[in-house]
Amino acid sequence: MDNRPIGFLDSGVGGLTVVRELMRQLPHEEVVYIGDSARAPYGPRSAEQIREFTWELVRFLLTKDVKMIVFACNTATAVAWKEVKEALDIPVLGVVLPGASAAIKASQTGKIGVLGTPMTIQSDIYQQKIQALSPEMKVENLACPKFVPLVESNNYQSSLAKKVVYETLGSIRGKVDTVILGCTHYPLLRPIIQNVMGKDVKLIDSGAECARDISVLLNYFEINRSRTTESLHHTFYTTASPAAFREIAESWLDMDITVEHVTL
Ligand code: DGL
């Protein structure tokens, strides 16, 4: 047993899609979340800068005495997960591998689309992981640089969002039977993406798949939180406006939360 919280990091609000699944699947676990909305999006930045920012988020979470760190960000996973994992003595989980495995399982035609930020697509991490597991799979990569700003600005249900998603996905529509939402912000656009891709296309939420792996690791290391009556105190930190973060977070998580501003 270990009653310390699990730490989540993301460039902004996207990692909340992982937290929502965590809370659904493991409601006894406590969460500390840091979103770097002041510097989002990370996707168009250089690998060096993403690495530097990710380490700042990791160091912040370590000051909160977390028992595990979840990279609830594909871009940070693509760039810095391996080195952080090797440097820390607590488990560090990324979102890419769970999403890749789930897509292999879901695809009937062996044609998988990957939507991600410019850095995630440039790193080619999904294609590498998918083909390492299952070499005959065909992967269509597509960078969607306009998606994260739509979510961070709370415009993810707008008519602008519909237009942008429609225009962006044109090149893979009809070519794949499974699409990985390879950015944790994208599940907020899921209804629109599903509508544009067609109802028969399977959408894989890499963050949701990751929540199951968190459970496996907690069991493996025997660090689940004890099911005491002691109440949970989830804490959320943002580098930008707490009010803007709270608005998106409360609607997505369907609960009242407190958000604190932090300067890294
Ligand atoms: N949620 C991050 C991801 O999964 C978004 C990165 C960004 O800020 O561009 O990649």
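Above this note sits the structure.
What counts and how
Residues numbered from 1 in each chain as written. Predicted model: local features only at pLDDT ≥ 70, side-chain atom pairs only at ≥ 80, totals over all residues. Heavy atoms only, no water. Pairing = 2+ DSSP bridges. Helix = DSSP H or I, 4+ residues; strand = E, 2+ residues; numbered from the N terminus. Axes fitted to C-alpha atoms, helices over the stretch in contact; angles between N-to-C directions. Phe/Tyr/Trp six-rings, centres within 6.5 Å; stacked < 30°, edge-to-face > 60°. Buried < 20%, exposed > 50% of the residue type's maximum accessible area, 1.4 Å probe, protein only. Lys NZ or Arg CZ within 6 Å of the ring centre and 35° of its normal.

1. Some remarks on the sheet that holds strand β5 (residues 111–116)
At step 1: Across the sheet, four strands lie side by side as β6-β5-β7-β8; this open sheet has parallel pairing. Here the strands that pair on one side only, and so sit at the sheet edges, are β6 (138–143) and β8 (202–205). Each neighbouring strand pair of the sheet contributes to a mean axis angle of 25 degrees, computed without reference to strand direction.
At step 2: Bridge count between β5 and β6: six bridges; the pairing is parallel. Of the residues in β6, the one forming a bridge with Lys111 is Lys138.

2. Thoughts on the packing of aromatic side chains
At step 1: Counted by the stated rule, this structure contains seven aromatic pairs.
At step 2: With 6.0 Å between their ring centres and 40 degrees between their planes, Tyr33 and Phe236 make a pair best called tilted. Here Tyr33 is found in strand β2 (residues 31–35), whereas its partner Phe236 is found in strand β9 (residues 235–238), with 203 residues between them in sequence. Here Tyr33 and Phe236 have matching classes, each one buried.
At step 3: With a centroid separation of 5.0 Å and an interplanar angle of 90 degrees, the aromatic rings of Tyr220 and Phe221 are classed as edge-to-face.
At step 4: Here the aromatic cluster, defined as three or more aromatic residues joined through ring pairs, consists of Tyr33, Phe236 and Phe245.
At step 5: The ring of Trp252 has Arg20 lying over it, and the distance from NZ or CZ to the ring centre is 3.7 Å.
At step 6: A cation over a ring is seen here: Arg39 above Phe53, with NZ or CZ 3.7 Å from the ring centre.

Purely spatial values, then, with no claim about function.
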